[in-house]
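These are the residues of each chain, in order.
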Amino acid sequence: MELTYTQCKQMSEIGLLRDFIHALNDQPIWITCNQDLDMIDIKGIQQGGCASGAYMPAVTYYTAVQTMSEHGNDVLDYIGSHWGELPQPETGISWSALASFYLSMAVELWCNQFDLEGVNWD
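This report concerns the structure included in the present document. In this text, all values refer to a predicted model and were calculated from it rather than measured experimentally. (Residues numbered from 1 in each chain as written. Predicted model: local features only at pLDDT ≥ 70, side-chain atom pairs only at ≥ 80, totals over all residues. Heavy atoms only, no water.)

Observations concerning the side chain of serine 100
At step 1: Looking at where serine 100 falls in the secondary structure, it is placed in helix 6 (residues 95-111).
At step 2: At a separation of 2.7 Å, a polar atom in the side chain of serine 100 contacts the main-chain carbonyl oxygen of alanine 58.
At step 3: Excluding its chain neighbours within four sequence positions, the residues that come into contact with serine 100 are Ala58, Val59, Tyr61 and Ala64. (Helix = DSSP H or I, 4+ residues; strand = E, 2+ residues; numbered from the N terminus. Polar contact = N/O pair within 3.5 Å; in protein donor to acceptor, adjacent residues only side chain to side chain. Contact = heavy atoms within 4.5 Å.)

Focus: helix 5 (residues 61-83)
At step 1: Here helix 5 contains 23 residues, and its C-alpha end-to-end distance of 24 Å is more than 12% below the 33 Å for a straight helix at 1.5 Å per residue.
At step 2: Of all the residues in helix 5, the buried ones are Thr63, Ala64, Val65, Thr67, Met68, His71, Gly72, Val75, Tyr78, Ile79 and Gly80.
At step 3: Looking at the buried residues of helix 5, the elements they touch are helix 3 (29-32) and helix 6.
At step 4: A positive phi of about 85 degrees marks glycine 84, the residue just after helix 5. (Expected span 1.5 Å × (residues − 1). Buried < 20%, exposed > 50% of the residue type's maximum accessible area, 1.4 Å probe, protein only.)

Brief notes about the side chain of serine 104
At step 1: Along the chain, serine 104 falls in helix 6.
At step 2: In terms of polar contacts, serine 104 uses its side chain to reach the backbone carbonyl oxygen of alanine 58, at 3.4 Å.
At step 3: The residues touching serine 104, leaving out its near neighbours within four places in the chain, are Cys50, Ala58 and Val59.

Purely spatial values, then, with no claim about function.
Below is the structure:
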């Protein structure tokens, strides 16, 4: 990932640069097994969620099922550690939709830890 000088300076001014770079280098396996996230992805996910197209592996049923089959316990533990208990999806959804629901939620939670409002992405 490449940051411009201006982006580094803006992130430094809001006290985010060091933590941001550390977190990007330490992304959970349930994110990196499909696609590493960069700043643009994170900003896109913050603005529109995974379903906006910013992180397709979470909303592509086949990929979400594979990821949840391999890393589902970690994903659910991550969500539970932030919310205490797992949010319940609507009843009657398929396993594929359930996998996408929880994987998207975990990816969005991870991305929302960053306050990137003061950084120019253009």
